[in-house]
Amino acid sequence: MTLRKPPLRDVHAGEGATFTEFGGWDMPVEFDSIKAEHAAVREEAGIFDVSHMGQIQVGGPDARELMQKLTSNDVTELGRGDSHYSMITDEEGTILDDTVVYRLPDDEDAEYLFVPNAGHDEQMHRRWTDHRDEWDLDATVENVTDEYAMYAVQGPDAPDLVADVADGSVTDLSKFDGKYVEFDGVSCWTARTGYTGEDGFEIIVPVEAAQAVWESFDCQPCGLGARDTLRMEMGFLLSGQDFDADEDPRNPYEAGVGWTVKLDTEFVGRDALEGVDAEGTDEEFVGIKLVDRGVARHGYDVTDTDDHVIGEVTSGTMSPTLNEPIALGYVPSEYADAGTVVRVMVRGQSKKAKIANTPFLSD
Amino acid sequence: MSFEVPEDRKYSSEHEWVETTDGTARVGISDFAQDELGDVVFVELPSEGDELTQDEEFGVVESIKAVSDLYAPVNGTVTAVNDALEDQPELVNDDPFGEGWMLEVELADDSGLDELLTADEYREQIE
């Protein structure tokens, strides 16, 4: 399979980045060192190339109805320039993808823009067009993933940094607000969103301006390695790892994002999720801290103190900020309280661990 | 990118280095290996007295992004372990041929040293 390349793949390679396959894309995993990049974002600012994220625009008279019926959050709450985090679920309430839904200004061609995960853009485009046709809705659905680069500028210094480069104000944007802002003379969708737990912006850049805009930010370039450690410290889900519709099907309540489910709206999966909400879940997504030395990784078993397998680690690393091994995973609800002692099987060795509150980093 | 490959030691194809002095060998991983791994956060090593068998796993080095097995480059008995790596695993990145050493081994009669690569041969492998 040929890997899809972000527009600046060769520029990153020239800067000494190393690459990894992610969702069918050949993406920079590390520019300098994960620790250095992670620290830059927590303490100053860093820029990520997240062009592997999908971009799908939805417009037309029935755009709102289509978005409402295919995502779990309440789209009617979004004013112009607002956005929210949402789930895309199937009839059984299983998460197919998580996404941010943006409502665009009224002088744009499309009404909404949503951002599926890497490698999901074609599947979600098909899902939207198939349902549009099935429900006979008047809406345009355009997969524009290949027309845009996407960057995330994150960290405590990010607002000042982006304000210095932007032709127009950005610091007036509240969290999850967005607008079109010019960078290097090119209009880019700019929203105060991100997935690191820090303040910052995500900027969607037309491909022809990809390099000029990237180079206009004077901060640490960061790869997917740091993005992963940063999101893990916050307890944020990673598609394909912390949920996977095929290999590890999870509903939003199990995954700890039940707050994105608005049962007073009508969407695919709503009825199944109403049942889950009423009955509760057998398992919960939790934070885990290893007490013994070692690092828990995706796929490692979580056991009780008698070494009976009770769950599985879905993500794990050594937290660069805390310098402690942290992990995320699913355990039965009776084990989900913070402080509960469990064990994690690390390459055949049973290591003492504790359930922990997320985010692992407190303010 | 060019990596340091000191001439005064031998190398395994699995990227461990061996420096011998009077029947004792000091063992670590190469500059190339530490760079490939990235930030090392944890090193799991055997205990003093443990026997090493060439090409068999003897420990694990974990970086933030990956887990990698360590393979014994020689046959012998572990006589010392670099305890500093417990609290400072980053020494493997900072000084792989010096402070980041991992083990000292008393070489067995059939140490297997002859099967290791010279610096030139190893350089060819990683270039």
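Before reading further, recall that the structure is shown in the block above.
Residues numbered from 1 in each chain as written. Chains lettered and ligands numbered in written order. Predicted model: local features only at pLDDT ≥ 70, side-chain atom pairs only at ≥ 80, totals over all residues. Heavy atoms only, no water.

On to the side chain of Arg9 of chain B. Residue and element names in this part refer to chain B. Among the secondary structure elements, Arg9 is positioned in the segment before β1 (10–11). Separated by 3.0 Å, the side chains of Arg9 and Asp8 make a polar contact. Discounting residues that sit within four places of it in the chain, Arg9 has contacts with Trp17, Val18, Glu19, Phe97 and Ala119. (Helix = DSSP H or I, 4+ residues; strand = E, 2+ residues; numbered from the N terminus. Polar contact = N/O pair within 3.5 Å; in protein donor to acceptor, adjacent residues only side chain to side chain. Contact = heavy atoms within 4.5 Å.)

Looking now at the packing of helix α2 (residues 34–43) of chain A against helix α7 (residues 224–234) of chain A. Residue and element names in this part refer to chain A. Interhelical geometry of α2 versus α7 gives an angle of 55° and a closest axis separation of 8 Å. Taken together, the axis directions place α2 and α7 in an arrangement best described as oblique. Viewed along their axes, α2 and α7 form a crossing whose handedness is right-handed. Along the contact surface, α2 presents Ile34, Glu37, His38, Val41 and Arg42, while α7 presents Gly225, Ala226, Thr229, Leu230, Glu233 and Met234. For the contact of α2 with α7, the class distribution of residues is five nonpolar, three polar and three charged. (Axes fitted to C-alpha atoms, helices over the stretch in contact; angles between N-to-C directions. Parallel < 35°, antiparallel > 145°, perpendicular 65-115°, else oblique. Left-handed = near helix turned anticlockwise from the far one by under 90°. Nonpolar A, V, L, I, M, F, W, Y, C, P; charged D, E, K, R; others polar.)

Moving on: the nonpolar core. Residues and elements named next belong to chain A. Ranked by size, the top nonpolar core spans 39 residues in total, and within it Phe48, Tyr85, Tyr102, Trp189 and Leu237 carry the most contacts. Not counting chain neighbours up to four residues away, the residues in contact with Phe48 comprise Val41, Met150, Tyr151, Ala152, Gln154, Thr196, Trp214, Cys222, Gly223, Ala226, Arg227 and Leu230. Grouped together as the second largest cluster of nonpolar side chains are 26 residues, Cys188, Phe201, Val213 and Cys219 included. (Core = buried A, V, L, I, M, F, W, Y, C linked by side-chain atoms within 4.5 Å. Buried < 20%, exposed > 50% of the residue type's maximum accessible area, 1.4 Å probe, protein only.)

With that out of the way, let us pick up the interface of chain B and chain A. Between chain B and chain A, the contact holds 17 residues from the first and 17 residues from the second. Roughly 1,400 Å² of surface becomes buried between chain B and chain A when both sides are summed, with 49% attributable to carbon and sulfur atoms. Its largest share of buried area at the contact with chain A, chain B owes to Asp39, Phe42 and Ile64 of chain B, together 40% of the area lost on that side. Counting the contacts that link chain B with chain A gives four salt bridges. With a closest N to O distance of 2.6 Å, Glu62 of chain B and Arg297 of chain A form a salt bridge. Where chain B meets chain A, there are twelve residue pairs in polar contact (both at pLDDT 80 or more). Listing elements by their share of the side of chain B that touches chain A, those giving two or more residues are β4 (40–44), β6 (57–63) and α2 (84–87) of chain B. The greatest single-element share of the side of chain B that touches chain A, amounting to five residues, is contributed by β4 of chain B. (Buried area = accessible area lost by both parts, 1.4 Å probe. Salt bridge = Lys/Arg side-chain N within 4 Å of Asp/Glu carboxyl O.)

All names here are of chain A. The pairing of strand β15 (residues 283–290) with strand β20 (residues 349–356) spans four bridges and is classified as antiparallel. Note that in β20 the partner of Gly287 across the bridge is Ala356. Two successive antiparallel strands, strand β19 (residues 341–346) and β20, enclose a turn made up of two residues, where Arg347 displays a positive phi of approximately 45°. (Pairing = 2+ DSSP bridges.)

What follows concerns the sheet that holds strand β18 (residues 324–332) of chain A. Residues and elements named next belong to chain A. Taken together, the six strands give a closed barrel; going around it, the order is β15-β18-β17-β16-β19-β20, and neighbouring strands pair in antiparallel fashion. If you compare each strand with its neighbour and ignore which way they point, the axes differ by 40° on average. Bridge count for strand β16 (residues 301–303) against strand β17 (residues 309–319) is three bridges, and the pairing is antiparallel. Considered in β17, the bridge of Thr303 is made with Val309. Running over the sheet, α7 touches β17 and β18 and is turned about 125° from β17.

So yeah, pure geometry; function would need other evidence.
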